[in-house]
Amino acid sequence: MSGRVLPLQGSTEPWHGGQVTESVTCVLAPNPSPWTLDGTNTWIVGAPGSRSAIVIDPGPQEVGHQAAVRQAAEERDQRIVSVVLTHGHIDHAEGARAFAESLGVDVRAVDPQHRLGAEGLGDGDAVSAGDWALRVVATPGHSGDSVCLVHPDGILTGDTVLGRGTSLVAWPDGRLGDYLDSLARLRDIAAGAEQLLPGHGPVLGDPAGVLDAYLAHRRARLVEVEEVLASGVTDVGEIVAIVYADVPRAVWPAAELTVRAQLDYLANN
């Protein structure tokens, strides 16, 4: 789940998915909400001339969506050889096992409870599909098991970076210190990337600029929370009402988790 809390980069136009490059296609899951934006982006990634593809984040347990993903791969004349999860939140992972079982392939994930097959997913791993591979970058913070995946056409960011707005830090599993470290690490990697391919919302150009903005936003929010604390307000709900007053109430529960992560960070740093 995204837990959007602030408009930031990204088009305000509805996102429908579709073919992004010769090697990358997004099939948008039918689960739009204030938490998931236009829906979960299920990515089919390959390489020019390759007959093998990897599916990233199959999304909800929805038969029609799984059929659409299979059809999109067939239209690309590619065989799905692996399923990979950027993290285990339900809007990304619920349908992964059934989808993989229907294809006779494994599910690669950091969290063992989401895996199908023996292999896990660790920092620096390569997820191979024939003669090409995705590189795994551990990016905990949004959740403890979050990863990003580096493809020649862009970085698949899961919920670490969204196509519209910013992501929640799902405390206590997610930790703000980890998230800031992950954003800084991605910022270094993004210098050589053309675009970010997020778990929700549209594709983003200028990866380095986006990550600079994400880092600046998190630091600014920390200053705001510190100022509210200094005024004597310590209740999490009251802090959300002050700091996130401009945010739709539908995502205040997400903001509350993020505030708890901010308070934990401030208490320990």
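As the structure is a prediction and not an experimental result, all values here were calculated from the model. (Residues numbered from 1 in each chain as written. Predicted model: local features only at pLDDT ≥ 70, side-chain atom pairs only at ≥ 80, totals over all residues. Heavy atoms only, no water.)

A. Region of interest: the packing of helix α4 (residues 176–190) against helix α7 (residues 252–268). Packing of α4 against α7 leaves a shortest axis separation of 8 Å and a crossing angle of 90 degrees. Taken together, the axis directions place α4 and α7 in an arrangement best described as roughly perpendicular. Taking contact as the criterion, the partners of Leu176, Gly177 and Leu180 in α4 are, on α7, Ala261, Gln262 and Tyr265. Broken down by class, the residue content of the contact of α4 with α7 amounts to 4 nonpolar, 2 polar and no charged. (Axes fitted to C-alpha atoms, helices over the stretch in contact; angles between N-to-C directions. Helix = DSSP H or I, 4+ residues; strand = E, 2+ residues; numbered from the N terminus. Parallel < 35°, antiparallel > 145°, perpendicular 65-115°, else oblique. Contact = heavy atoms within 4.5 Å. Nonpolar A, V, L, I, M, F, W, Y, C, P; charged D, E, K, R; others polar.)

B. Spotlight on α7. Taking 1.5 Å as the rise per residue, α7 with 17 residues should run 24 Å; its terminal C-alpha atoms sit 24 Å apart, in good agreement. Within α7, the full set of buried residues consists of Trp252, Ala254, Ala255, Thr258, Val259, Ala261 and Gln262. The buried residues of α7 occupy an angular sector of 165 degrees when projected down its axis, which confines them to one face. Exposed positions of α7 whose direction lies more than 90 degrees from the buried face are Ala267 and Asn268. (Expected span 1.5 Å × (residues − 1). Buried < 20%, exposed > 50% of the residue type's maximum accessible area, 1.4 Å probe, protein only. Arc of directions from axis to C-beta.)

C. Representation of the sheet that holds strand β12 (residues 204–205). Taken in spatial order, the 6 strands make up an open sheet running β7-β8-β9-β10-β11-β12, and their pairing is mixed. Edge positions in the sheet fall to β7 (126–129) and β12, since each has one partner strand and no second. Bridging between β7 and strand β8 (residues 132–138) involves 4 bridges; their strand directions are antiparallel. Counterpart to Ala126 in the pairing with β8 is Arg135. (Pairing = 2+ DSSP bridges.)

D. Broad picture of the nonpolar core. Val161, Leu176, Leu183 and Tyr214 are the most contacted members of the largest nonpolar core, which has 20 residues in total. Taken together, the elements giving at least two residues each to this core come down to α4 and α5 (207–230). With 6 residues, α4 is the largest single contributor of residues to this core. With sequence-adjacent residues up to four places away left out, Val161 is seen in contact with Leu183, Leu186, Leu196, Pro198, Gly199, Leu204, Val210, Leu211 and Tyr214. By size, the runner-up hydrophobic cluster in this structure holds 19 residues, among which are Trp43, Ile56, Leu134 and Leu149. (Core = buried A, V, L, I, M, F, W, Y, C linked by side-chain atoms within 4.5 Å.)

E. Main features of the pairing of strand β10 (residues 154–158). β10 sits mainly inside the fold: 5 of its 5 residues count as buried. Both strand β9 (residues 147–151) and β10 contribute to a ladder of 3 bridges, which runs antiparallel. Bridging from a neighbouring strand, Val150 pairs with Ile155 of β10. Between the parallel elements β10 and strand β11 (residues 195–198), the chain passes through α4 in a crossover that is right-handed. (Right-handed = clockwise from strand over helix to strand, strands pointing away.)

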